[in-house]
Amino acid sequence: MIKRLLKLDPRWYVATAIILQMFLAWRLQGPVVLKHTLSICLIACVLDFIMIFLTKRRAAFPLSALVSGLIISALLAPGRLFYLAPVIAVFSKYLIRLKTRHIFNPAGFGLLAANVLWGLPLIWWFDLNWLITLIFGLFAVYRVKKLGVVFSFVSAAFVLSIIYSAIKHQPLMSNLGMINLFFVFFMLIEPKTSPAYLKGKLIYGSSTALFALLAMAFLIRNDFLVTALIAGNAINGLFLRK
């Protein structure tokens, strides 16, 4: 049983964890959670299914789009223009590419565009149970071999947050919100937008932590973690990818 679980496509770990978190949010927030999630996932999956068919001339289940839709649902507050985030997420995967691969985490790019361009708030409202995130996140990290990314980001974020707190004369642990497990395990380690070799993983993780600190300090109107993710993706795509 355990061997079978370890052989699953790691995207299923992420999807399962977020769906479990969604049901927790549903109990607290009511039917709006389910409506919000189903709408975003449906938009993302239908668009990606069409794009897969048009670009590869075959039909396939859009698992990546499902994961992107779930991540967007987990962060984005319900609102009038919610559909923009999944649309931008899917199209960014096909339109913003370097050689044969997309540069940006699709969910992250859609969320950042919605947050920056249209002011849609990111509220991380499915991030309710750290144990669910940790268990499924560790499975995902093991399968995609991104422990170096996790270690470098968490280590750098811990040190930088303490330094920043000291500079701002705040309690030393007051900015440890930089180390968000949902972000680390479900967004930062996305295989196609993060490095595959150890040196690159360490640079990517630590530089993303630095971008998070800078965004938290100077870009207070935008979500600092999503901003840092896209900046880290850009560094990876331009300098670290082999």
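Residues numbered from 1 in each chain as written. Predicted model: local features only at pLDDT ≥ 70, side-chain atom pairs only at ≥ 80, totals over all residues. Heavy atoms only, no water.

Looking at this structure, I do not really get the pattern of salt bridges. What am I missing?
Close approach of charged atoms allows side chains of opposite charge to pair. Across all of its chains, the model carries 2 salt bridges by this definition. Across the pair Arg 11 and Asp 9 runs a salt bridge whose closest N-O atoms are separated by 2.6 Å. Taking relative accessible area as the criterion, Arg 11 reaches 33% and is therefore assigned partly exposed. Asp 9 gets classed as partly exposed once you look at its relative accessible area, which sits at 26%. Measuring nitrogen to oxygen at the nearest pair gives 3.3 Å for the salt bridge that ties Lys 93 to Asp 48. With Lys 93 in helix H5 (residues 84-95) and Asp 48 in helix H3 (residues 32-56), this residue pair connects regions lying 45 residues apart in the sequence. Accessibility classification places Lys 93 together with Asp 48 in one group, the buried group. (Salt bridge = Lys/Arg side-chain N within 4 Å of Asp/Glu carboxyl O. Buried < 20%, exposed > 50% of the residue type's maximum accessible area, 1.4 Å probe, protein only. Helix = DSSP H or I, 4+ residues; strand = E, 2+ residues; numbered from the N terminus.)

Where do I start with a nonpolar patch on the surface in this structure?
On the surface, Leu 42, Val 46, Phe 49, Ile 50, Phe 53 and Leu 54 cluster together to form a nonpolar patch covering roughly 550 Å² of accessible area. Relative to the elements of secondary structure, Val 46 occurs in helix H3. (Patch = residues over 30% accessible without salt bridge, like charges linked within 9 Å, V, L, I, M, F, W, Y side chains within 5 Å. Areas by Shrake-Rupley, 256 points an atom, 1.4 Å probe, with all protein chains shown as cover.)

Help me out: how do you make sense of the nonpolar core in this one?
Nonpolar side chains in soluble globular proteins tend to end up buried together. Of all hydrophobic cores here, the largest spans 71 residues; its most connected members are Ile 18, Leu 75, Leu 111, Phe 183 and Met 187. For this core, the leading source of residues is helix H4 (residues 63-75), giving 9 residues. Excluding residues that lie within four positions of it along the chain, Leu 75 makes contacts with Leu 111, Pro 121, Leu 122, Ile 123, Trp 124, Trp 125, Phe 182, Met 187 and Val 226. (Core = buried A, V, L, I, M, F, W, Y, C linked by side-chain atoms within 4.5 Å. Contact = heavy atoms within 4.5 Å.)

In this structure, what is going on with the confidence of the model for the protein chain? I would like to understand it.
As a note on interpretation, predicted positions should not be read in detail where pLDDT is low. For the protein chain, the average pLDDT comes to 94, and 98% of its residues sit at 70 or higher. Here helix H1 (residues 2-6) stands out as the element of the protein chain with the lowest mean pLDDT, 67, in contrast to H4, whose mean of 98 is the highest. (pLDDT = per-residue confidence, 0-100.)

Looking at this structure, how should I read H3?
In an α-helix, one turn spans 3.6 residues; hence positions three or four apart end up facing the same way. Given a rise of 1.5 Å per residue, 25 residues ought to cover 36 Å, and the 36 Å separating the end C-alpha atoms of H3 matches this to within 8%. For H3, every residue scored as buried is listed here: Val 33, His 36, Thr 37, Ile 40, Cys 41, Ala 44, Cys 45, Asp 48, Met 51 and Ile 52. In the core, the buried residues of H3 are packed alongside helix H2 (10-29), H4 and H5. Following H3 by one or two positions, Arg 57 adopts a phi angle in the positive range, close to 55°. (Expected span 1.5 Å × (residues − 1).)

I keep staring at the layout of surface pockets and nothing clicks. Help me out?
Sizing a probe to match a water molecule and rolling it over the atoms shows the empty space that remains. Considered as a void within the structure, the largest pocket measures approximately 740 Å³ in volume. In terms of lining residues, the largest pocket is bounded by 34 residues, among which Arg 11, Ser 64, Lys 93, Glu 190 and Lys 192 are the most central. Broken down by secondary-structure element, the contributors of at least two residues to the lining of the largest pocket are H2, H3, H4, H5, strand E2 (101-102), helix H6 (106-117), helix H7 (130-144) and helix H9 (181-188). In the lining of the largest pocket, the residues fall into 18 nonpolar, 6 polar and 10 charged. (1 Å grid on protein atoms, 1.4 Å probe; cavity = no way out; pocket = protein on both sides within 12 Å on 5 of 7 lines; lining within 4 Å. Points joined across faces, edges and corners; volume = space filled by probe spheres on them. Nonpolar A, V, L, I, M, F, W, Y, C, P; charged D, E, K, R; others polar.)

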